[in-house]
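# Chains, contacts and geometry: an overview
Residues per chain, in single letters:
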Amino acid sequence: MMDTNIERALAVAFYVPLVVAMVLETIAPRRAAIRSTAWRWLNTAGLAVINTLLARAAAFLTTLVAIVEIDRAGWGLLNQIALPGPVAFGVGILLLDFASYLKHRAFHAWPVLWQMHSVHHSDTDMDVATSLRHHPADYLLDTLMTVGIVLVLGLTVETVFAYQLLALVLNSFRHGNIRLPDKLERRVRLVLVTPDLHRVHHSSVERETNSNFGVLCPWWDRMLGTYVAQPAHGHEAMDLGLEYFRAPAENTIFRMLTQPLRQMKARKVALDSSGKQGQEQGPVVRLDA
Ligand SMILES: [Zn+2]
Ligand SMILES: [Zn+2]
């Protein structure tokens, strides 16, 4: 069983920012919703419950167990270098954030991973509910990759736990439909991924979807040329979501759960009929008939 203190800290890091972000969305919304918020929330909550039951709890437990074992065994990069505790902690957080950036890029670059991850991107609105919208397979794959990263880097339990807490807190804010005052937004984005920065990542313009992959810090995007400061059509007018999943029915639990499978089929049919390699991302035919 997971330690009750850890469970409590994770619950606080999840629920408090979620509620605060919901309040901020109500007080200072960035955009008007284009679909019924209640309907989206209801279906996304259903997906979140399935995720919690089937994937997230089990996956996080597995990660934790693996990390404890790695920590004990002294494997990994950082365990080979004698760094003072606080330095190792800081370096560990930064390395994990950089690895999370690379992992997120992998989810966009490889078709099978993208088909899972695209459920998160098929939301045509973006608010706190979007932060809960993930396919269970996306969670499982993500966790397996995290275990691999922790193994290679040799991070301590404290480092991984602190990072998970920070990522949970920021996840609600990053997806919030929140209008921050301009001056504050410009300052915050120097260090953290703001709602405006992450909204660019949820744009339906492909160049913008494949930008701003950062989880905590936008520095990796800036360093590796994937940083896009603002959407081409502006935050109010830009289209969110994916070109091929725009039908309102795509926000129901069943359609969200079957989106990866339908993309796989569509891609296979298109590749078979063309007899050549399709584009690297997404299906090669429209799916919202
Ligand atoms: Zn993404
Ligand atoms: Zn997102």
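See the structure shown above.
These lines cover the structure that appears in this document, whether it is placed above or below. For every chain, the first residue of the written sequence is number 1, and numbering continues from 1 onward in sequence order. Just so you know, chain letters begin at A and ligand numbers begin at 1, following the order they were written in. At least 70 in pLDDT is required for a residue's local features to be given in this predicted model, at least 80 for side-chain atom pairs to be given and counted, and no such filter applies to totals for whole chains, interfaces and linings, which use all residues.

Right, let's talk about the nonpolar core for a bit. Each nonpolar core reported here comprises buried Ala, Val, Leu, Ile, Met, Phe, Trp, Tyr and Cys residues connected via C-beta atoms within 7 Å. Three exposure classes are used. Buried residues have 20 or more other C-beta atoms within 10 Å of their own C-beta, exposed residues have 12 or fewer, and partly exposed residues fall in between, all C-beta atoms being placed from the backbone. Among the nonpolar cores identified, the biggest contains 35 residues, and Ala21, Leu153 and Leu155 are the most heavily contacted of them. Segments assigned H or I by DSSP are reported as helices when at least four residues long, segments assigned E as strands when at least two residues long, and all are numbered from the N terminus. Elements supplying a minimum of two residues to this core: helix H1 (4-27), helix H4 (85-109), helix H5 (111-121), helix H6 (136-153), helix H7 (157-175) and helix H9 (195-201). At five residues, H4 tops the list of elements feeding residues into this core.

With respect to the helices, strands and loops of the structure, Ser118 is situated in helix H5. A C-alpha to C-alpha distance of 8.8 Å links Ser118 and Phe107, two positions eleven residues apart in sequence.

Interaxial angles span 0 to 180 degrees and are taken between N-to-C directions of axes, which are lines fitted to C-alpha atoms, for helices over the stretch in contact. Taken N-terminus to C-terminus, the directions of H4 and H7 make an angle of 50°; their axes are 9 Å apart at the nearest point. With respect to H7, the element H4 is oriented oblique. In this structure, H4 meets H7 at a crossing whose hand is right-handed. Within the contact between the two elements, H4 uses Phe89, Gly92, Ile93 and Leu96 and H7 uses Glu158, Thr159, Ala162 and Tyr163. Amino acids outside the nonpolar list (Ala, Val, Leu, Ile, Met, Phe, Trp, Tyr, Cys, Pro) and the charged list (Asp, Glu, Lys, Arg) are all regarded as polar, and Gly is one of them. Here the contact of H4 with H7 is composed, by residue class, of five nonpolar, two polar and one charged. Oblique is the label for any angle not covered by the other classes, which are roughly parallel (under 35 degrees), roughly antiparallel (over 145) and roughly perpendicular (65 to 115). A clockwise turn of the near helix away from the far one marks a right-handed crossing, whereas an anticlockwise turn of less than a right angle marks a left-handed crossing. Throughout, a pair of residues is in contact if the C-beta atoms placed from their backbones lie within 7 Å.

Nothing here speaks to function; it is all geometry.
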